[in-house]
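Understanding the architecture of this molecule
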Amino acid sequence: MTTIKLTNINKTFGKGLSKVHVLHDINFEANKGELILVLGPSGSGKSTFLTITGGLQTPTSGTVELNGKSLTSASKKDLEKLRLDKIGFVLQSYNLLPYLNVREQFQLVDRVKKQGNLDKKRFDDLIMTLGIEDLLHKYPSELSGGQNQRVAIARALYTDPEIILADEPTAALDSDRVAEVGKMLQELAKEKNKAIVVVTHDLRLQNYADRIYHIIDGKMTEDKATTETKEATEQK
Amino acid sequence: MFLAIKEIKHEKLRYGLIIGMIVLISYLIFVLTSLALGLANSNTDAIKSWNAQSIVLNKDSNISLGQSIITEDQAKNIKLSSKDAYIGQSSVVAKSKGVDQISATYLGIDKDQYLYKDLKLTSGHKATKAHEVVADEKFEQSGYKLGDKIKLNSLKDKYTIVGFTKNAKINVAPILYGRISDWQEIKGMGTTLAASAVVSQNQKTDFSDANLKNYPIQKFIDKLPGYSAQNSTFTFMIAFLMIISLIVIAVFLYILTIQKIPNYAVLRAQGIPAKVLIKTTIAQSVILVISGLVIGTILTILTAIGIPTSVPMSFNIPLLSLVAIGLVLTSILGSLVPIRTILKVDPVEVIGG
Ligand SMILES: Nc1ncnc2c1ncn2[C@@H]1O[C@H](COP(=O)(O)OP(=O)(O)OP(=O)(O)O)[C@@H](O)[C@H]1O
Ligand SMILES: [Mg+2]
């Protein structure tokens, strides 16, 4: 079953002369076990696409379905619960509360979502992979941009969500770290059977993706070439 | 609570300043209320200490003790019970060597009647002989001592302070309790005057004289010169102060909440339920206001201990608690005003693409 399905999504902002058409007839699918990359330049509509997919904003037209359920008709409360339980969001900026240290960011999750979060062992593995095990007592303002992003990734994964939506998660990371994060996301998709969508302009992540979409000026196309070569290599 | 406390701890300066403001406001309200009440009490302390329910005055006295006289002839028409007592009032200026003169009220009372019997002293003894008086503590605070001889107005005979008592002020003037026969002497009209009034612990004193009239004690208190005017001035002053303070506090909490919108956006994006955000906001306001109130109360108590006894200050705990509860409630309201904004916060707008 298709886990995420966007059909004919359009998004416009503003009215009259100042009206901007940001997304044009977008069709998109992602399944469990896949790591999908959406590549596009700045201003192409990547963040808009991702936040619509996660139910943070509503499309002007079109439908979003998660696990066969329509998001466009869901109540605010349902969307909230969905975000807490099923979706892990890594936003482009502002992912952490400034007045909680790193450890407390996770404690907050424990307080509102009592079950299904990572156990101690998987949490320790996660922070090791992301290299943030020494930062647990620090506040976001004491972290570098890259460290902030890694903590945000860890926080998104902490609830063990089925769907992970990440906006430029590697923008401030060096190549070694990008490789590690790429591998980790790939493994998560494969081994834990999650649907992972990463929107980025970071080409370094290309190698880890199962499928790639391109978005330019709000129009999305699937990169069949990569998909086919990938499938071919996998079959060999 | 978790978020509320973590945030306060992390933003010490900002929250410290807000608590400081609440401290000052609550301190101001507490002290002013207590001062106003203290002044009101110094008008009525003595009357309250009599436990009287009614008073008989001359009907042409405009309900003023100073203007009222009961002549011997009229007194014959009064049937005093054991709960009634004569008082003879006269304004006097008390002087003694080495101490400041004091404007006082001389009250002559009869040693066979309840006012005399119920009079409680803090030191010394009651006036048993002629030209002896029991004085209000104000005299003691001004340096008068037991055994001091005082001169009243320009009378020849000196009076001796034989005892001190507390809460004996009427219309802010300290009282000298003496014998009613001495009062007749002070008045200088011989024995034609029986008293100024009859106070009674009953609803009514039994008399049949067209020139006398019975009044409920509250009516008498309200007619004390300046009393009502003073009270309504203070009541309005404090009420306005309260209302304005409450608005100021509510506005501050509102601004505080608005400033936190980016944080709320993060939480909303993460799917933290709106309920948690609302609880946090309310918890935070309550924590701030209660900390402010506690410190304000401590300051008020310190002030009460430190302030000279000549400044009347009276603490009405129920009234002050009411003020405190009012502050807590409005602060909750103040923090609830922006809740719609919190609930409608669009994470995307704040977080940006
Ligand atoms: N709330 C809004 N109102 C008006 N225009 C908006 C709004 N949000 C986004 N846009 C516009 O939509 C377009 C796409 O924005 P979006 O944030 O999705 O781009 P992006 O691909 O994420 O860019 P970047 O790589 O810089 O993050 C931009 O031209 C932007 O100005
Ligand atoms: Mg973006």
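Preceding block: the structure.
Conventions and cut-offs
Residues numbered from 1 in each chain as written. Chains lettered and ligands numbered in written order. Predicted model: local features only at pLDDT ≥ 70, side-chain atom pairs only at ≥ 80, totals over all residues. Heavy atoms only, no water. Helix = DSSP H or I, 4+ residues; strand = E, 2+ residues; numbered from the N terminus. Rg over C-alpha atoms; globule rule 2.2 N^0.38 Å. Buried < 20%, exposed > 50% of the residue type's maximum accessible area, 1.4 Å probe, protein only. Contact = heavy atoms within 4.5 Å. Areas by Shrake-Rupley, 256 points an atom, 1.4 Å probe, with all protein chains shown as cover. Lys, Arg positive; Asp, Glu negative; His and termini not counted. Charge placed at Lys NZ, Arg CZ, Asp CG, Glu CD. Near = heavy atom within 4 Å. Polar contact = N/O pair within 3.5 Å; in protein donor to acceptor, adjacent residues only side chain to side chain. Phe/Tyr/Trp six-rings, centres within 6.5 Å; stacked < 30°, edge-to-face > 60°. Lys NZ or Arg CZ within 6 Å of the ring centre and 35° of its normal. Buried area = accessible area lost by both parts, 1.4 Å probe. Salt bridge = Lys/Arg side-chain N within 4 Å of Asp/Glu carboxyl O.

Here we look at the overall build of chain B
- Secondary structure summary: chain B contains 13 helices and 15 strands in total.
- Since a compact globule built from 353 residues should have a radius of gyration of about 20 Å, the 29 Å found for chain B marks it as more spread out than a globular shape.
- When the backbone C-alpha atoms are referred to their principal axes, chain B occupies close to 100 × 45 × 25 Å.
- With 353 residues in all, chain B has 49% of them scored as buried.
- Look at the contacts in chain B between residues 6 or more apart in sequence, and 80% of them connect residues 24 or more apart.
- Within the structure as shown, chain B displays about 16,500 Å² of accessible surface, and the carbon and sulfur contribution to it stands at 62%.
- Side-chain charges in chain B split into 36 positive and 24 negative, and the spacing between the mean points of these groups amounts to 7 Å.

As for the site of ligand 1
- In the region of ligand 1, 14 residues are neighbours, and S42(A), G43(A), K46(A), S47(A) and T48(A) sit closest.
- At ligand 1, the nearby residues belong to more than one chain, namely chains A and B.
- Within the backbone of G45(A), an N or O atom sits 3.1 Å from an oxygen atom of ligand 1.
- Here an oxygen atom of ligand 1 sits 2.7 Å away from a polar atom, N or O, in the side chain of K46(A).
- Taken by itself ligand 1 offers 640 Å² of open surface, and the protein chains cover 63% of this.
- Elements with a contribution of two residues or more to the shell around ligand 1: β2 (20–31) and α1 (46–53) of chain A.

A closer look at the environment of H214(A)
Residue and element names in this part refer to chain A.
- Inspection of the secondary structure assignment puts H214 in strand β9 (residues 211–216).
- For H214, a relative accessible area of 26% corresponds to the partly exposed category.
- Expressed as a C-alpha distance, the spacing of H214 and L37, which sit 177 residues apart in the sequence, is 8.3 Å.
- Every residue in contact with H214, bar those within four places of it in the chain, is listed here: L39, K219, M220, T221 and D223.
- Here the side chain of H214 touches D223 through a polar contact of 2.8 Å, side chain to side chain.

Section: the packing of aromatic side chains
- Summed over the entire model, instances satisfying the criterion amount to 8 aromatic pairs over all chains.
- For the pair F28(A) and Y213(A), a centre-to-centre distance of 4.7 Å together with 45° between the ring planes defines the contact as tilted. With F28(A) in strand β2 and Y213(A) in strand β9, this pair connects stretches of sequence that are 185 residues apart.
- The class of Y213(A) is buried, set by a relative accessible area of 5%.
- Pairwise contacts between aromatic rings join F28(A), F49(A) and Y213(A) into one cluster.
- Over the ring of Y116(B) we find K126(B), and its NZ or CZ is 5.4 Å from the ring centre.

A few points about the interface of chain B and chain A
- Each partner contributes residues to the interface: chain B has 25 residues there, and chain A has 26 residues.
- Here chain B and chain A share an interface that buries about 2,400 Å² over both sides, 64% of which is from carbon and sulfur atoms.
- Seen at the junction of chain B and chain A, the total is 2 salt bridges.
- Between E104(A) and K6(B) there is a salt bridge, and its shortest N-O distance comes to 2.7 Å.
- Across the chain B-chain A interface, the total number found is 7 residue pairs in polar contact (both at pLDDT 80 or more).
- Listed by contribution, the elements that provide at least two residues to the side of chain B that touches chain A are α1 (2–10), α9 (261–269), α10 (274–306), α12 (339–344) and α13 (347–351) of chain B.
- For the side of chain B that touches chain A, the leading source of residues is α9(B), giving 6 residues.

Description of the pattern of salt bridges
Residues and elements named next belong to chain A.
- Enumeration over the complete set of coordinates arrives at 22 salt bridges over all chains.
- Notably, a salt bridge pairs K81 with D85, separated by 2.8 Å at the nearest N-O pair. In this pair, K81 and D85 both sit in helix α2 (residues 76–85), 4 residues apart, roughly one turn of the helix.
- Across the salt bridge formed by E180 and R177, the nearest N and O atoms sit 3.4 Å from each other. On the criterion of helical spacing, the pair formed by E180 and R177 is a turn pair, its members being 3 residues apart in helix α6 (residues 175–191).
- What you see here is one network of salt bridges that share partners, running through E34, R211 and E222.

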